[in-house]
Amino acid sequence: MVGYDPGAQGVAHSPEEAALAGSAAGMVTRALISPFDVLKIRFQLQIETVSSRRPVGKYSGLFQASRCIYSEEGLSAFWKGHTPAQLLSICFGAVQFASFEFLTEVVHKTTSYDSQTAGVHFVCGGLAACSATVVCQPLDTLRTRFAAQGEPKVYSNLRRAVSTMCRSEGVLTFYRGLSPTLMAVFPYAGLQFFSYNVFKKLLAPPPKAGNSGGNLRSLICGSGAGVISKTITYPFDLFKKRLQVGGFEAARLHFGQVRSYRGLLDCMTQIAKEEGVRGFFKGLSPSLVKAALSTGFTFFWYEFFLNAMHNLRLEQRTNSLAEDQKER
């Protein structure tokens, strides 16, 4: 089970193990879901309506956008910004899961609440994600800009992107969109951990059945949690992406219309006036596919790597005891 488990004192995993498992889970998951992330960002940044019935913008649907990106930019375009995205996933996974394990343990030991209840997981999951967001926001901004640029590229590599942004826009540009990100990430991550906790308990096997199908349950529960949390908090993710490409308009002219926003409130107002309520949910389709795969795989690989470390630790302990007995 994810989070501090008081019933497993002898085999409880440390925050360091949680950080290692979280970073490994983030790395594997990112490599698998990157194409959906690129599609989602392209849709989010398009001012024109995303509609296959009345196509007016560059991208009108999942399959059309995929064909367009592939024909114009090649297969590698679906992994644009993959280096900062991987750094982001590794860093975010490590900070988030280590913080979550630490916070659930603190709550259980210093309050009257059970660390394995869904409510505790909501609060601790949200706080853990906020901590990870503040640490990793610069990498998220870099990832967004790499995924948003077309051909010819404005940034040829990560080092050039960092130096150019620092020189022309200042260090604070790496934290563009932080406000909507924090507003969205707390309920988003909180709902992820909350829903995952609920689904895992609902789908828990009978005591006599053991843990058969445990990894598959993690994948299914994580996917369901991802869809629920993403649908509820999606508009804030769109606001963040629009703000992160501020000052980057020249690189997006051939994609269609571009807009400049003075801040979160101005961004929300302009989108509502020009694009309507549906504008808040542009890119939701690839985002839900990505959320289902991303969250499902993240929890799947997190528990997989934790179990692997646990089994390795038990094996080492068994071997150590066997050696001690031989010496005696």
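In this report, the structure presented in the accompanying data block is examined. Bear in mind the structure is a predicted one, so any value in this text is a computation, not a measurement.

### Digging into the layout of surface pockets
Next, step 1: Of the volumes computed, that of the second largest pocket is approximately 470 Å³.
Next, step 2: If you trace the second largest pocket, you find 19 residues lining it, with T49, V50, S51, S52 and R278 closest to the centre.
Next, step 3: Sort the elements by how many residues they give to the lining of the second largest pocket and helix α9 (residues 284–327) lands first, with three residues.
Next, step 4: Considered class by class, the residues forming the lining of the second largest pocket number six nonpolar, eight polar and five charged.

### Quick word on a nonpolar patch on the surface
Next, step 1: On the surface, L202, L203, L216 and I220 cluster together into a nonpolar patch covering about 410 Å² of accessible area.
Next, step 2: Examined against the element boundaries, L216 turns out to sit in helix α7 (residues 214–244).
Next, step 3: What makes L216 exposed here is its relative accessible area of 52%.

### Quick notes on empty space enclosed by the protein
Next, step 1: Tallied over the full model, the rule gives three cavities of 30 Å³ or more.
Next, step 2: Taken as a whole, the largest cavity encloses approximately 740 Å³ of empty space.
Next, step 3: If you trace the largest cavity, you find 39 residues lining it, with R30, F92, Y188, K290 and S294 closest to the centre.
Next, step 4: For the lining of the largest cavity, the elements supplying multiple residues, two or more each, are α1 (15–45), α3 (82–110), α4 (118–148), α6 (178–202), α7 and α9.
Next, step 5: Among the elements that line the lining of the largest cavity, the one with the most residues is α6, at eight residues.
Next, step 6: Residues belonging to the lining of the largest cavity are distributed by class as follows: 15 nonpolar, 15 polar and nine charged.

### Some points on the environment of G93
Next, step 1: The topology assignment puts G93 in helix α3.
Next, step 2: You can call G93 buried: its relative accessible area is 7%.
Next, step 3: Note: C-alpha distance between G93 and T298 (205 residues apart in sequence) is 8.6 Å.
Next, step 4: Not counting residues up to four positions away in its chain, the partners in contact with G93 are G22 and S23.

### Details of the side chain of D237
Next, step 1: With respect to the secondary-structure elements, D237 resides in helix α7.
Next, step 2: A distance of 3.0 Å separates a polar atom in the side chain of D237 from a polar atom in the side chain of K40.
Next, step 3: Setting aside chain neighbours within four positions, we find D237 in contact with K40, Q44 and K230.

### What about the packing of α4 against α6?
Next, step 1: Where α4 contacts α6, the two axes come as close as 7 Å, and the packing angle between them is 140°. Here α4 is positioned oblique relative to α6, judged by the angle of their axes. Judged by the sense of rotation from one axis to the other, the crossing of α4 with α6 is right-handed.
Next, step 2: Its residues placed into classes, the contact of α4 with α6 shows 17 nonpolar, nine polar and one charged.

So, how was this worked out
- For every chain, the first residue of its written sequence is number 1, and the numbers climb from 1 along that sequence.
- In keeping with the predicted nature of the model, local features appear solely for residues at pLDDT of at least 70, side-chain atom pairs appear and are counted solely at 80 or more, and the whole-chain, interface and lining totals rest on all residues.
- Hydrogens and waters are ignored; side-chain quantities use all the structure's heavy atoms.
- Space inside and on the surface of the protein is sampled on a 1 Å grid over the protein atoms alone, with a cavity defined as a set of points where a 1.4 Å probe fits but cannot get out and a pocket as an open set with protein on both sides within 12 Å along at least 5 of 7 lines; lining residues have an atom within 4 Å of a point.
- Grid points are joined across faces, edges and corners, and a volume is the space filled by probe spheres set on the points.
- Under the DSSP-based scheme used, a helix requires at least four consecutive residues in state H or I and a strand at least two consecutive residues in state E, with every element numbered from the N terminus.
- Polar here means any residue outside two lists: the nonpolar Ala, Val, Leu, Ile, Met, Phe, Trp, Tyr, Cys and Pro, and the charged Asp, Glu, Lys and Arg; Gly therefore counts as polar.
- Patches were defined on residues exceeding 30% relative accessible area and lacking a salt bridge, with like-charge contacts within 9 Å and nonpolar side-chain contacts (Val, Leu, Ile, Met, Phe, Trp, Tyr) within 5 Å.
- Each accessible area is a Shrake-Rupley result for a 1.4 Å probe, and residues are judged covered by the shown protein chains and nothing else.
- Salt bridges, as used here, are contacts in which a Lys or Arg side-chain nitrogen is within 4 Å of a carboxyl oxygen on Asp or Glu.
- Under the scheme applied here, a residue whose accessible area is under 20% of the maximum for its type counts as buried, over 50% as exposed, and between as partly exposed, the area being computed with a 1.4 Å probe on protein chains only.
- Contacts were defined at the residue level, with two residues in contact if any of their heavy atoms lie within 4.5 Å.
- Each polar contact in these results corresponds to two N or O atoms within 3.5 Å; when the atoms are within protein, one needs to be able to donate a hydrogen and the other to accept it, and residues that are neighboring in sequence are counted only if both atoms are side-chain atoms.
- Think of each axis as a best-fit line through the C-alpha atoms, taken over the contacting stretch in the case of a helix, with angles from 0 to 180 degrees between the N-to-C directions.
- With respect to orientation, any angle under 35 degrees is reported as roughly parallel, any angle over 145 as roughly antiparallel, any angle of 65 to 115 as roughly perpendicular, and every other angle as oblique.
- The sense of a crossing depends on the near helix, which, turned anticlockwise from the far helix by less than a right angle, makes the crossing left-handed and, turned clockwise, makes it right-handed.

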